[in-house]
Amino acid sequence: MSNQEPVNTFSSRIVVLPEANIDTDQIIPARFLTTTTKAGLGKVAFNDWRYNADGSDKDFILNQIDAQEHQVLVAGNNLGCGSSREHAPWALMDYGFKAVISTEIADIFKSNSLKNGLLPVVVDKATYDKLLANPQQRVTINLESCELSLEDGTVFHFQVEEFARQCLLEGVDAMGWLIKRLPQIEQYEQSNGKAA
Amino acid sequence: MTAKSLFEKVWDAHVVEPEGATSPAVLYVDLHLVHEVTSPQAFSELEARGLKVRRPDRTFATLDHSIPTLRPDAQGNRPYVTEQAKKQVETLERNAANNGVRLFGYDAENRGVVHVIGPEMGLTQPGYTVVCGDSHTSTHGAFGCIAFGIGTSEVGHVLATQCLAQRKPKTMRITIDGKLQPGVTGKDVALTVIATLGFSGGTGYALEYAGDVIRDLDMEGRMTVCNLSIEAGARCGMIAPDQKTVEWLRGREYVPQGEAYETAAQQWLALKSDDGAVFDKEIRIDGSAIEPMATWGTSPDQGAPIVKGVPVATNEDQERALKYMGLHGGDSRDVAKVDVVFIGSCTNGRMADLRAAAEIFKGRHVAEGVRALVVPGSEWVRIEAEKEGLDKIFTDAGAEWRLPGCSMCIAMNGDFVLPGQLAVSTSNRNFEGRQGPGSRTVLASPATAAASAIAGHVADPRQFMALESA
């Protein structure tokens, strides 16, 4: 959550999960939330889609790809809905993802992702359809120019909240940014009868 | 003066530094609620920076998500689901002690589900900003608060600074006119709102619920409505305080007492959207047409009036949901057999909810083969319910009566639904596997859940009610 490695441009093949409304319980089921650290959650990312009850692999795409080669997850509309668990981006990043793409990404998941350097990219339906039409393709994401480039030459200009973008590009630490404002915070508390 | 919405009034009163093109607003947090699951990594972050919790007087912790709801054994050992769950609880106990944060732990008289105990103790007060590492924090909006769920990074930000970096969301007013039919509850209103908006219809918005139906709801019903805002994608939902709010909070432990309370109440009653306030979106729903609801799919917006049966799928997502649920479009709701009934959670684990369930259970028995679990939302609810004899009504009816906790809503404490079983639950999410791997969940009100336990299938509770003719 602090001092992220700056993110700028990277290229990777995509992996597609076309289901709509993939909630954070699917990304990491609640029974894995008793951890007190962030480490090692990649192995339970999409646990119930990946494994049978006896622990054996299901026929599921995340069991069949080289995670190093597929760092961009493309998912159906309303990705990351549901619970506020930050374990969801932690699990996806530990699995190897660096960006997620959907036509709509839920608010809290988007906010949590940005704070960890997992880039949420919201695209229009036409771009989404082009991604699905070639699910093996390699894409390039440039955060400096906010451009997503597809293999067919399509360039989609995406939006990222500007402060979060600066944090990612420059490795700015959001907690540190708030801590720098403690004098104003104290002033606010004094003026509004909220001092300790 | 420009007319302002309730949301804008509360937001503006908490802006420490306004937002600009390249920087978000610095928003002050009046109340930060903490639980064991989403806080350990935030406390670790503070520790790594050599920081302590800045305002322990505005930070309150409880144990709810991963704790067992079964009683400890004779030696006092609690039946944790795993050693790791126990370690997580101990981690919060240690973090709270090291930072001077009040923890409502096992020894406290009001441990409970975080969104039940906040209002119950009067920690939640009108006009506050309330955050918690939990998406159902929207519950506190029922008191005219801006209340929303945050991730663990942001939990750390609030612990360290009492502030968050936030962009102001858009606003949406949902006006529910008319008068609810007898037997229709806040949960049915909420499930109707979500079905109307869709699963992501509220994304990016702060909701305000208004209209006669909302005014007529009791505070518990309003909390249920606000609780489920996130199931339409909205981080927060709020209701203007009124005399009902003032009377409900009066005398609670953390609210001002005596004359100071009357002064506070006057300020609270001024917290409402001005005439002419402009919302980014407005929706109206006819409350008189709302009927007891039950979900049939795997997202909370996939719900319909029970009397209308299981709808026929109109797209692939719905087909997939029905297939997972083992339900068939066009069937009446009494076809599928129910295995489990869960009554509790931050959505419906309060006294009014348990009373509504008890009314149905009284003098009846759960159907053969149905496991029914009733879990109070807090110690206060447990004690109060036992005083009223509700526990006896539940156990006489063949239901289990447990200690407070999130329990089967999130199924991380050992209370879960077995693979393939169909549960009727008063909780908030019917996602695939939410109540245990392979579990199938139908969301409904406490009355409907109780009626379904008796009938052995999803049942309209009105058949078990002595309803006065409307």
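Predicted, not measured: the structure shown is a model, and the values here were computed from it.

Here we come to the overall build of chain B. For chain B, the helix and strand inventory stands at 16 helices and 19 strands. A globule of 470 residues ought to have a C-alpha radius of gyration of about 23 Å, and chain B, at 21 Å, matches this closely. By the burial criterion, 61% of the 470 residues in chain B qualify as buried. Pairs at least 24 residues apart make up 74% of the contacts formed inside chain B by residues separated by at least 6 positions.

With that settled, the discussion passes to the overall build of chain A. When helices and strands are counted, chain A shows eight helices and seven strands. Compactness check: chain A gives a C-alpha radius of gyration of 18 Å against a globular reference of 16 Å for 196 residues, within 12% of the reference. Considered along the principal axes of its C-alpha atoms, chain A spans approximately 60 × 45 × 25 Å. Counting only residues that meet the buried cut, chain A has 44% of its 196 residues in that class. Taking the contacts inside chain A whose residues are at least 6 apart along the sequence as the reference set, 67% of them involve residues at least 24 apart.

When the parts of a complex come together, some accessible area is lost, and that lost area is often used as the size of the interface. All names here are of chain A. When the domains of chain A are assigned, the result is domain 1 (11-159) and domain 2 (161-196). With centres defined by C-alpha atoms, the gap from domain 1 to domain 2 works out at 29 Å. In this assembly, five residues from domain 1 lie in contact with five residues from domain 2. Taken together, the residues of the side of domain 1 that touches domain 2 sort by class into two nonpolar, one polar and two charged.

Our focus in this paragraph is the domain arrangement of chain B. All names here are of chain B. In terms of domains, chain B is made up of domain 1 (6-166), domain 2 (170-288) and domain 3 (304-464). The gap between the C-alpha centroids of domain 1 and domain 2 is 22 Å. At the junction of the two partners, domain 1 supplies 25 residues and domain 2 supplies 27 residues. At the level of secondary structure, the elements contributing two or more residues to the side of domain 1 that touches domain 2 comprise helix 1 (6-12), helix 4 (114-120) and strand 7 (146-149). The residue makeup of the side of domain 1 that touches domain 2, split by class, is 13 nonpolar, 11 polar and one charged.

What follows covers the interface of chain B and chain A. Counting from both sides, the interface comprises 55 residues of chain B and, opposite them, 47 residues of chain A. Per-class residue counts for the side of chain B that touches chain A are 18 nonpolar, 25 polar and 12 charged.

What follows concerns the sheet that holds strand 2 (residues 25-28) of chain B. Residues and elements named next belong to chain B. Within the open sheet, the three strands sit side by side as 1-2-8. Their pairing is antiparallel. The open sheet has two edge strands with one neighbour each: strand 1 (15-17) and strand 8 (163-166). Neighbour-to-neighbour, the strand axes of this sheet turn through a mean angle of 40 degrees, independent of strand direction. Sheet topology places strand 1 next to strand 2; two bridges connect them, and they run antiparallel. Across the sheet, Glu17 pairs through a bridge with Val26, a residue of strand 2.

Another point: the sheet that holds strand 16 (residues 371-374) of chain B. Residues and elements named next belong to chain B. Here we have five strands laid out as an open sheet, ordered 17-16-15-18-19, and parallel in their pairing. The open sheet has two edge strands with one neighbour each: strand 17 (400-401) and strand 19 (440-443). Alignment of strand 16 against strand 17, held across two bridges, turns out to be parallel. Paired with Leu373 across the two strands is Glu400, which belongs to strand 17. In this fold helix 16 (residues 446-455) packs onto strand 15 (340-343), strand 16 and strand 18 (422-425), with an angle of close to 150 degrees to the strand it touches most, strand 15.

Moving on, we get to the nonpolar core. What tends to happen in soluble globular proteins is that the nonpolar side chains get buried as a cluster. Ranked by size, the top nonpolar core spans 201 residues in total, and within it Val100 of chain A together with Cys163, Val341, Ala357, Val374, Ala399 and Ala450 of chain B carry the most contacts. Of all the elements, helix 16 of chain B adds the most residues to this core, at seven residues. The contacts of Ala357 of chain B, once residues within four sequence positions are left out, are Ile343, Val374, Pro446, Ala447, Ala449 and Ala450 of chain B.

What follows deals with the packing of helix 3 (residues 87-95) of chain A against helix 4 (residues 107-116) of chain A. Residues and elements named next belong to chain A. Direction vectors running N to C along helix 3 and helix 4 enclose 50 degrees, while the axes themselves pass 8 Å from each other. Our classification of the angle between helix 3 and helix 4 gives oblique. Between helix 3 and helix 4 lies a crossing whose hand is right-handed. Within the contact between the two elements, helix 3 uses Ala88, Pro89, Trp90 and Met93 and helix 4 uses Phe109, Asn112, Ser113 and Asn116.

Moving on to unusual backbone geometry. Residue and element names in this part refer to chain B. Phi angles above zero are rare outside glycine, and Gln162 is one such case at about 65 degrees. With respect to the helices and strands, the residue Gln162 is situated in the loop between helix 5 (152-161) and strand 8. With 25 C-beta atoms packed within 10 Å, Gln162 lands in the buried category. We note that Ala411 has phi near 55 degrees; this positive angle belongs to a residue other than glycine. Here Ala411 shows up in the loop between strand 17 and strand 18. The exposure class of Ala411 is buried, given the 26 C-beta atoms found within 10 Å.

Among the secondary structure elements, Phe394 of chain B is positioned in helix 15 (residues 390-396). Among residues more than four places away in sequence, those in contact with Phe394 of chain B are Ala358, Phe361, Val374, Ala399 and Trp401 of chain B.

A rise of 1.5 Å per residue sets the reference length of helix 6 (residues 186-197) of chain B, with its 12 residues, at 16 Å; its end C-alpha atoms lie 16 Å apart and thus fit the reference within 8%. Buried within helix 6 of chain B we find Gly186, Lys187, Asp188, Val189, Ala190, Leu191, Thr192, Val193, Ile194 and Leu197 of chain B.

Rules used throughout
Residue positions are counted from 1 within each chain, in the order its sequence is given. Each chain gets a letter, beginning with A, and each ligand a number, beginning with 1, in the order they are written. Since the coordinates come from a predicted model, pLDDT governs what is reported: local features require at least 70, and pairs of side-chain atoms require 80 or more to be given and counted, while whole-chain, interface and lining totals use all residues. Only DSSP runs of H or I with at least four residues qualify as helices, and only runs of E with at least two residues qualify as strands; both kinds are numbered from the N terminus onward. For this measure, only C-alpha atoms enter the radius of gyration; the expected value for a globule follows 2.2 Å times N^0.38, where N is the number of residues. Counting other C-beta atoms within 10 Å of a residue's own tells you its class, since 20 or more makes it buried, 12 or fewer makes it exposed, and anything in between is partly exposed; those C-beta atoms are placed from the backbone. Residue pairs are scored as contacts if the distance between their C-beta atoms, which are placed from the backbone, is within 7 Å. An automatic or database domain assignment provides the domain bounds reported here. Under the scheme applied, nonpolar residues are Ala, Val, Leu, Ile, Met, Phe, Trp, Tyr, Cys and Pro; charged residues are Asp, Glu, Lys and Arg; polar residues are all the others, including Gly. For two strands to pair, DSSP has to find at least two bridges joining them. Each axis is a line fitted through C-alpha atoms, and for a helix only the stretch in contact is used; angles between axes span 0 to 180 degrees, taken between their N-to-C directions. In these notes, a nonpolar core means any group of buried Ala, Val, Leu, Ile, Met, Phe, Trp, Tyr and Cys residues linked to one another through C-beta atoms within 7 Å. If an angle is under 35 degrees, it is roughly parallel; if it is over 145, roughly antiparallel; if it lies from 65 to 115, roughly perpendicular; otherwise it is oblique. In this scheme, a crossing is called left-handed if the near helix is turned counterclockwise away from the far one by less than a right angle; it is called right-handed if the turn is clockwise. Multiplying 1.5 Å by the residue count of a helix minus one yields the expected span of that helix.

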